[in-house]
Amino acid sequence: MNAYDTKVWLVASVALLGLSLSAATVQAQCNVIGTNTGVAGSYTTIISKGLAASYVCQSVPGQMNAYACAPGSGGGLVANLTATAMSSTMAPQCVWNCACGQITIDSSDGLPVELLRFGVE
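A quick note: this is a predicted structure, and the numbers were derived from the prediction, not measured. Along each chain, the written sequence defines residue order, and numbers are assigned to residues from 1. Only residues with pLDDT of at least 70 are given local features in this predicted model, and only at 80 or more are side-chain atom pairs given and counted; all residues enter the totals for whole chains, interfaces and linings. Side-chain metrics in this entry use all non-hydrogen atoms of the structure; hydrogen atoms and water are not considered.

Q: Can you walk me through the overall build of the chain in this structure?
A: The helix and strand tally for the chain stands at one helix and six strands. Only runs of H or I of at least four residues qualify as helices and only runs of E of at least two qualify as strands under DSSP, and these elements are numbered from the N terminus. Ordering the α and β elements of the chain from the N terminus gives α-β-β-β-β-β-β. Note on classification: 1.4 Å probe, protein chains only; a residue is buried when its accessible area is under 20% of the maximum for its type, exposed when over 50%, partly exposed between these limits. The buried share of the chain, taken over its 121 residues, is 27%. Restricting the contact set of the chain to residue pairs at least 6 apart, pairs at least 24 apart contribute 56%. When the accessible area of the chain is evaluated, it comes to approximately 7,800 Å², of which 59% is carbon and sulfur surface. Contacts: residue pairs with any heavy atoms within 4.5 Å of one another. Accessible surface is estimated by sampling points in the Shrake-Rupley manner with a 1.4 Å probe; for residues, cover comes only from the protein chains shown.

Next comes the structure, spelled out in structure tokens:
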């Protein structure tokens, strides 16, 4: 093997190693199988997302507008994420970083029109 062959082999090895390491850090998209919205009592809105499998998830500090985001900062293996607001008209916002990617509950998960107390006449 001459010096040129050695350089080609070395460059190819480093390129393959770089590709394999970068592929290992890419996260898959979380598979959300359902979103449920409800009002408990007269002043508590609860929105939950069910995941297709259990993942380790941790809430993102500063990315919430809710009374509670479960699971909280402790993280843990979960298949259901819940955001709670102490209002029947406000949709809570919580963001989690999970092993499968990032999951957000926000106003796009919405409340039915009748719970928002407005309508089209």
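Q: How should the state of the cysteines be read in this particular structure?
A: Note on terminology: disulfide describes a covalent bond linking the sulfur atoms of two cysteines. In this description, the term disulfide denotes a pair of cysteine sulfurs within 2.5 Å. Counted according to the given criterion, the structure contains three disulfides. Disulfide pairing is shown between Cys 57 and Cys 98; the S-S distance is 2.1 Å. Every disulfide takes its handedness from the sign of the S-S torsion; for Cys 57 and Cys 98 that torsion is 115°, giving right-handed. Note that Cys 57 is positioned in strand β2 (residues 44–59) and Cys 98 in strand β5 (residues 94–98), a separation of 41 residues in sequence. The exposure class assigned to Cys 98 is buried, which follows from its relative accessible area of 4%.

Q: Can you walk me through the pairing of strand β4 (residues 77–85) in this structure?
A: By the convention used here, strands pair only if DSSP detects at least 2 bridges between them. Summarising the sheet, β2 and β4 pair through eight bridges and their orientation is antiparallel. Its bridge partner lying in β4, Tyr 55 is registered against Val 78. Pairing of strand β3 (residues 68–70) with β4 involves three bridges; the strand directions are antiparallel. Each bridged residue has a counterpart across the sheet, and for Cys 69 the counterpart in β4 is Ala 83.

Q: What is the right way to look at the pairing of β5 in this model?
A: The side chains of a regular strand alternate, first on one face of the sheet and then on the other. Judged by how many residues are buried, β5 sits mostly within the fold: four of five residues are covered. Inspection of the sheet shows β2 paired to β5 by three bridges, in the antiparallel sense. Looking at β5, one finds that Cys 57 is bridged to Cys 98. Across five bridges, the pairing between β5 and strand β6 (residues 101–105) is antiparallel. Within β6, the position partnered with Asn 97 by the bridge is Gln 102. What sits between the antiparallel neighbours β5 and β6 is a turn of two residues.

Q: Even after reading the chapter, I still don't get the pattern of salt bridges, so can you show me in this structure?
A: Side chains that differ in sign of charge can pair as their charged atoms come close. The term salt bridge refers to a pairing of a side-chain nitrogen on Lys or Arg with a carboxyl oxygen on Asp or Glu at a separation within 4 Å. Per the stated rule, a full pass over the model turns up one salt bridge. Residues Lys 49 and Asp 109 are paired through a salt bridge, measuring 3.5 Å at the closest nitrogen-oxygen approach. Placement of Lys 49 in strand β2 and of Asp 109 in the segment after β6 is noted, with a sequence separation of 60 residues between them.

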